[in-house]
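Okay, here's what each chain looks like letter by letter:
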Amino acid sequence: MFSRLPMYQRQGSTAFKKDLTNILAFCERLNNPQEKFPSIHVAGTNGKGSTSHMISSILQEAGYKVGLYTSPHLKDFRERIRINGEEIERQAVVDFIGNEKDFLERQGLSFFELTVGLAFDYFAVNKVDIAVIEVGLGGRLDSTNVINPLVSVITNIGLDHTQFLGETLAEIAFEKAGIIKKNTPVIIGEYQAEVMPVFKKIAEEKNSPLSLAETTVSSDVATDLLGEYQLKNAKTAAQAIKLLDQTVVKVTSENISKGLMHVVSNTGLKGRWQVLRDKPKVVCDTAHNKEGLSLVMKQLEKENYENLHVVLGMVNDKELQGVLSLLPKKAAYYFCRPAIPRGLDAEILQKEALLQGLKGTVFRSVSEAYNKAISNANSDDLIYVGGSTFVVAELEL
């Protein structure tokens, strides 16, 4: 599967398909499993993964059998497809690919299209009560956009994947708004002046009630996901639940509170301001674009430490200077390349970082950089590991 099918996470643009033809054909072949369970659809530049896990956790607390589809994975492909936090069985993946191999190759499906079809089929076969489906990239032409959800969720809009989705926030918002369906409530996580008119126009055209989480959810929310930025996601998740048709899904305020406080144990989410050890304290986060890293850096400013060590690696299709300008200059940097074809050479990263006054050493691998940071750090220091999902994926989580 990894070697034969084009995979965006590894290859980048050559694996990206801006078209729903393949996934529609695949769903047809599988007898349209996406129509056999109710769903919630979650898009957005940042926070859509955390928000999806939060929604799933709340529904689990309410006693439902919940399918959760997210991407990318950190350690194991099976993380992408879960029911009540349990990963899809390895044999189920093997059997599915064995049965569909000829069609996959004949149709020329991408890795992502295969994975979406597998998730839909697995959820239908296992008769989930409801599924939470995270968009892969964009929304309008994303392979997940063949469902008719109970509610659509868009967390926020940032300048990421501009080569596919557009150069402005409004253009990107248009692509994300493609998940808004006729007569279906849509919840927007954060107010952004540049994109709200886009959402309002499309919601009106589709007669879809639109609400804004940050103004609708007035009460304070709490979550076990660390990092103050997660409170925005928690409000979005809570409002999405409240918009569900109570004749289809019944959720109490206690279910919401408990669900938000047990996200990690209920769903297995990793890599979001995750503390890996103390003395020295090590924190990792998968934030990898300007908007996401901006929130994480605000969180970093609240930490107390003697010296800061940053293990940093990125992929080669990001706008580097905008991201690097956010990082603290008073830190020792350990530059590395994540072990994927899209990984940015550590030497290039070092040169680009120097333009922002970020100084450090190049290492041959993430593990070598991390181990050196551990050996250099005092017990009162802080080590931050990030820059890319694929850097965090190489850690022992």
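Notes on the structure follow.

Here is what the cut-offs are and how they apply
Residues numbered from 1 in each chain as written. Predicted model: local features only at pLDDT ≥ 70, side-chain atom pairs only at ≥ 80, totals over all residues. Heavy atoms only, no water. Pairing = 2+ DSSP bridges. Helix = DSSP H or I, 4+ residues; strand = E, 2+ residues; numbered from the N terminus. Axes fitted to C-alpha atoms, helices over the stretch in contact; angles between N-to-C directions. Contact = heavy atoms within 4.5 Å. Core = buried A, V, L, I, M, F, W, Y, C linked by side-chain atoms within 4.5 Å. Buried < 20%, exposed > 50% of the residue type's maximum accessible area, 1.4 Å probe, protein only. Arc of directions from axis to C-beta. Phe/Tyr/Trp six-rings, centres within 6.5 Å; stacked < 30°, edge-to-face > 60°. Disulfide = S-S within 2.5 Å. Parallel < 35°, antiparallel > 145°, perpendicular 65-115°, else oblique. Left-handed = near helix turned anticlockwise from the far one by under 90°. Nonpolar A, V, L, I, M, F, W, Y, C, P; charged D, E, K, R; others polar. Salt bridge = Lys/Arg side-chain N within 4 Å of Asp/Glu carboxyl O.

### Here we look at the sheet that holds strand β14 (residues 382-386)
Moving on, step 1. On the basis of which strands lie adjacent, the open sheet formed by six strands has the order β9-β10-β14-β11-β12-β13 and mixed pairing. Strands with a single pairing partner mark the edges of an open sheet, and in this sheet they are β9 (274-277) and β13 (360-362). For this sheet, the mean angle separating the axes of adjacent strands, direction not counted, is 20°.
Moving on, step 2. Summarising the sheet, β9 and strand β10 (residues 281-284) pair through three bridges and their orientation is antiparallel. Across the sheet, the residue bridging to Q274 is C284, located in β10.
Moving on, step 3. Against the sheet, helix α16 (residues 366-376) contacts β9, β10, β11 (308-312), β12 (332-335) and β14, and its axis sits at roughly 175° relative to β11.

### Structural notes on the nonpolar core
Note on soluble globular proteins: their nonpolar side chains tend to be buried together.
Moving on, step 1. Among the nonpolar cores identified, the biggest contains 32 residues, and F26, Y69, I81, F120 and F123 are the most heavily contacted of them.
Moving on, step 2. Considering every element that reaches this core, the biggest residue donor is helix α5 (residues 111-125), with ten residues.
Moving on, step 3. Among all residues touching Y69, those that are not within four sequence positions of it are R80, I81, F112, T115, V116, A119, F123, V132, I133, E134 and T144.
Moving on, step 4. Counting residues in hydrophobic clusters, the runner-up holds 30 residues, among them I40, I55, V153 and V251.

### Description of the environment of E301
Moving on, step 1. On the secondary structure map, E301 appears in helix α13 (residues 290-301).
Moving on, step 2. Since its relative accessible area comes to 66%, E301 is described here as exposed.
Moving on, step 3. In this structure, the C-alpha to C-alpha distance between E301 and E394, residues 93 residues apart in sequence, is 25 Å.

### Things to note about helix α15 (residues 346-354)
Moving on, step 1. For α15, the complete set of buried residues consists of A346, L349 and A353. Buried residues of α15 fall within an arc of 55° about the axis and therefore sit on the same side. Exposed residues pointing more than 90 degrees away from the buried face of α15 are listed as K351 and L354.
Moving on, step 2. Residues of α15 that are buried make contact with β11, α14 (320-324), β12 and β13.

### A word on the packing of aromatic side chains
Moving on, step 1. Within this structure, the stated rule accounts for ten aromatic pairs.
Moving on, step 2. Ring plane angle 85° and centroid distance 6.0 Å describe the contact between F37 and F123, whose orientation is recorded as edge-to-face. In this pair, F37 is assigned in the loop between α2 (21-29) and β1 (39-43) and F123 in helix α5, connecting sequence segments 86 residues apart.
Moving on, step 3. On the basis of relative accessible area, F37 is assigned to the buried category, the value being 5%.
Moving on, step 4. The rings of F37, F120, Y122 and F123 are connected pair by pair, giving a single aromatic cluster.

### Details of the sheet that holds strand β8 (residues 210-212)
Moving on, step 1. Across the sheet, which stays open at both edges, the eight strands sit in the order β4-β3-β2-β5-β1-β6-β7-β8 with mixed pairing between neighbours. Of all strands in the sheet, those with a lone pairing partner are β4 (86-87) and β8, marking the two edges.
Moving on, step 2. As paired strands, strand β2 (residues 66-69) and strand β3 (residues 81-83) are joined by three bridges and run antiparallel to one another. If you follow Y69 over to β3, its bridge partner there is I81.
Moving on, step 3. Across the sheet, helix α3 (residues 48-61) touches β1, β2, β5 (130-134) and β6 (151-154), and the angle it forms with β5 is around 170°.
Moving on, step 4. Against the sheet, α5 contacts β2, β3 and β5, and its axis sits at roughly 15° relative to β3.

### A few points about the state of the cysteines
Moving on, step 1. The tally for this structure, following the rule as stated, stands at zero disulfides.
Moving on, step 2. No disulfide involves C336; its sulfur sits 13 Å from the nearest other cysteine sulfur, which is in C284.
Moving on, step 3. For C336, a relative accessible area of 0% puts it in the buried group.

### Some thoughts on the packing of helix α7 (residues 169-176) against helix α8 (residues 196-205)
Moving on, step 1. With their axes 9 Å apart at the nearest point, α7 and α8 run at an angle of 30° to one another. Judged on the interaxial angle alone, α8 and α7 are roughly parallel. The hand of the α7/α8 crossing is right-handed. Residues A170, A173 and F174 of α7 touch α8, and the partners they reach there are V198, F199 and I202.
Moving on, step 2. Residues belonging to the contact of α7 with α8 are distributed by class as follows: six nonpolar, no polar and no charged.

### What to know about the pattern of salt bridges
Moving on, step 1. If you walk through the whole model with that rule in mind, you get 15 salt bridges.
Moving on, step 2. Here E87 and R78 are joined by a salt bridge, their closest N and O atoms 3.4 Å apart.
Moving on, step 3. You can call E87 partly exposed: its relative accessible area is 25%.
Moving on, step 4. Residue R78 is classed as partly exposed on the basis of its relative accessible area of 23%.
Moving on, step 5. The salt bridge involving R82 is made with E87; its shortest N-O contact spans 3.8 Å.
Moving on, step 6. When its relative accessible area of 7% is taken as the criterion, R82 is described as buried.
Moving on, step 7. Residues joined by salt bridges that share partners form a network here, namely D76, R78, R82 and E87.

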